Amino acid sequence: MNKPKRVTIKDIAQLAGVSKSTASLVLSGRGKELRVSEATRERVMDIARQAHYQPSIHARALNSSRSHTVGLVVPEMTNQGFATFSHALETLCRDAGLQLLIACTDENASQETLAVNNLIQRQVDGLIVASSMLNDAEYQKINQQIPVVLFDRHLGESTLPLVITDAIEPTARLVERVAREGVEEFYFFGGQPRISPTRDRLEGFRQGLDRAGMALKPEWIIHGHYHASSGYEMFAELCMRLGRVPKALFCAACGLQEGVLRYLSQHGLLEQPIRLCSFDDHYLYDALSVKIDTVVQDERMLAWNCFEIISGLIEGETLENQQRQLPALLKWRSA
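Residues numbered from 1 in each chain as written. Predicted model: local features only at pLDDT ≥ 70, side-chain atom pairs only at ≥ 80, totals over all residues. Heavy atoms only, no water.

Got a minute to help me understand the overall build of the protein in this structure?
When helices and strands are tallied, the protein shows 12 helices and 12 strands. Its C-alpha atoms give the protein a radius of gyration of 26 Å, clearly above 20 Å, the size a compact globule of 335 residues would have. With the C-alpha coordinates of the protein rotated into their principal frame, the extents come out at 85 × 45 × 35 Å. Relative to its 335 residues, the protein shows a buried fraction of 50%. Relative to all contacts within the protein whose residues are 6 or more apart in sequence, the contacts with residues 24 or more apart total 66%. (Helix = DSSP H or I, 4+ residues; strand = E, 2+ residues; numbered from the N terminus. Rg over C-alpha atoms; globule rule 2.2 N^0.38 Å. Buried < 20%, exposed > 50% of the residue type's maximum accessible area, 1.4 Å probe, protein only. Contact = heavy atoms within 4.5 Å.)

Shown next as structure tokens:
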């Protein structure tokens, strides 16, 4: 069996009866600019279409010093928010003629370093990162070579471009309203306390209780990881310690809430009186018998802002507003 042969510019040139350089000019869209006749341009383009010619992205990168790829680094793809963000960003990149390369880190700084280095070796034109690092030292170095945009979490007082959703104020408003309903206790399930999403959402939780005049007890704050299994385990331990379900619970992410719901379902506790609320929303919450009030991020708007910044930086533009904090909405299902 003969091995399929990729059609090249040389093949198109031979079929059109022109030089390789002329075919290259026409196929790159510069034929008219450099005065290649209209008849020749049409002949070359017709043959290219008939032969289903596709330009080599590697040759394109060599000629333009660009790879026309963008790297995205996220902790995990099973997270509802990151999955929605990634899909929206991939669509924006595709429509702009860019390829999005995605790497996952599992919230591991060492894995993140490997993932970023692999993307840089593939000569991506820019990086968009939800980082698990404690500071921005490595990304400041990388930013001297290619643009870096941080999103979802901040790294201290970093001056790097950043797109993030305000977590503190909307969380405080949600928690304050629930606390004012007269709940006797209010637990907080969070992920790793070293990363900014946990710290910001916990700060909003503290402020909400304070506004409602409710004293926070240290034992109400429980940390794990942003996975459903962690939410399940924390809730199981809490129920065992209390001998019942808690009166009210705020989960700092959908994954944690998923674990809580799984435990309630498996143990026939969905009808128990428990006030549930969460940061991040999921469309399936609308179909549940238990009502969950949520802080809703707009992941598509996050993606658009990241895309706008990275695209501008790749093109060498100077953007005035490179650090953007987007608003979040509250969705009340219990009302």
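Explain the packing of helix α5 (residues 80–95) against helix α12 (residues 299–314) here, please?
When two helices pack together, their arrangement is given by the angle between their axes and by how far apart the axes lie. Interhelical geometry of α5 versus α12 gives an angle of 45° and a closest axis separation of 8 Å. Taken together, the axes of α5 and α12 lie oblique to each other. Crossing angle aside, the handedness with which α5 passes α12 is right-handed. Contacts between α5 and α12 involve Gly81, Thr84, Phe85, Ala88, Leu89, Leu92 and Cys93 on the former and, on the latter, Glu299, Arg300, Leu302, Ala303, Trp304, Cys306 and Phe307. In terms of residue class, the contact of α5 with α12 is made up of 10 nonpolar, 2 polar and 2 charged. (Axes fitted to C-alpha atoms, helices over the stretch in contact; angles between N-to-C directions. Parallel < 35°, antiparallel > 145°, perpendicular 65-115°, else oblique. Left-handed = near helix turned anticlockwise from the far one by under 90°. Nonpolar A, V, L, I, M, F, W, Y, C, P; charged D, E, K, R; others polar.)

Help me out: how do you make sense of the domain arrangement of the protein in this one?
Many structure descriptions define interface size as the accessible area lost when the parts assemble. What the domain assignment lists for the protein is domain 1 (9–62), domain 2 (69–163 + 299–324) and domain 3 (167–296). Centre-to-centre, using C-alpha coordinates, domain 1 lies 60 Å away from domain 3. (Domains from an automatic or database assignment.)

Please clarify how the pairing of strand β4 (residues 148–151) should be interpreted in this entry.
Two faces make up the sheet, and in a regular strand the side chains alternate between them. Across the two faces of β4 the burial is the same, with Val148 and Leu150 and Val149 and Phe151 all buried. Pairing of strand β3 (residues 126–129) with β4 involves 3 bridges; the strand directions are parallel. Bridging from a neighbouring strand, Val129 pairs with Leu150 of β4. With respect to chirality, the unit in which β3 leads through helix α7 (residues 137–142) into the neighbouring parallel β4 is right-handed. Two elements, β4 and strand β5 (residues 162–165), share 2 bridges in a ladder whose sense is parallel. The partner of Leu150 across the bridge, within β5, is Leu162. (Pairing = 2+ DSSP bridges. Right-handed = clockwise from strand over helix to strand, strands pointing away.)

Explanation requested: the packing of aromatic side chains in the structure shown.
The way to describe two aromatic rings as a pair is by their centre distance and the angle between their planes. The tally for this structure, following the rule as stated, stands at 11 aromatic pairs. Considering the side-chain rings of Phe85 and Phe151, the 4.1 Å spacing of their centres and the 5° angle between planes classify their relative orientation as stacked. Remark: Phe151 occurs in strand β4 and Phe85 occurs in helix α5; sequence separation between them is 66 residues. With centroids separated by 5.9 Å and ring planes inclined at 15°, the aromatic side chains of Phe188 and Phe250 adopt a geometry described as stacked. One end of the pair, Phe188, is in strand β6 (residues 187–190); the other, Phe250, is in strand β8 (residues 248–251), with 62 residues separating them in the sequence. Like Phe188, the residue Phe250 is buried in the burial classification. Through a chain of ring-to-ring contacts, the aromatic side chains of Phe186, Phe188, Phe205 and Phe250 assemble into a single cluster. (Phe/Tyr/Trp six-rings, centres within 6.5 Å; stacked < 30°, edge-to-face > 60°.)

Even after reading the chapter, I still don't get the environment of Asp11, so can you show me in this structure?
For Asp11, the position within the fold is in helix α1 (residues 9–16). Put simply, Asp11 and Leu209 are 198 residues apart on the chain and 72 Å apart in space, counted from C-alpha to C-alpha.

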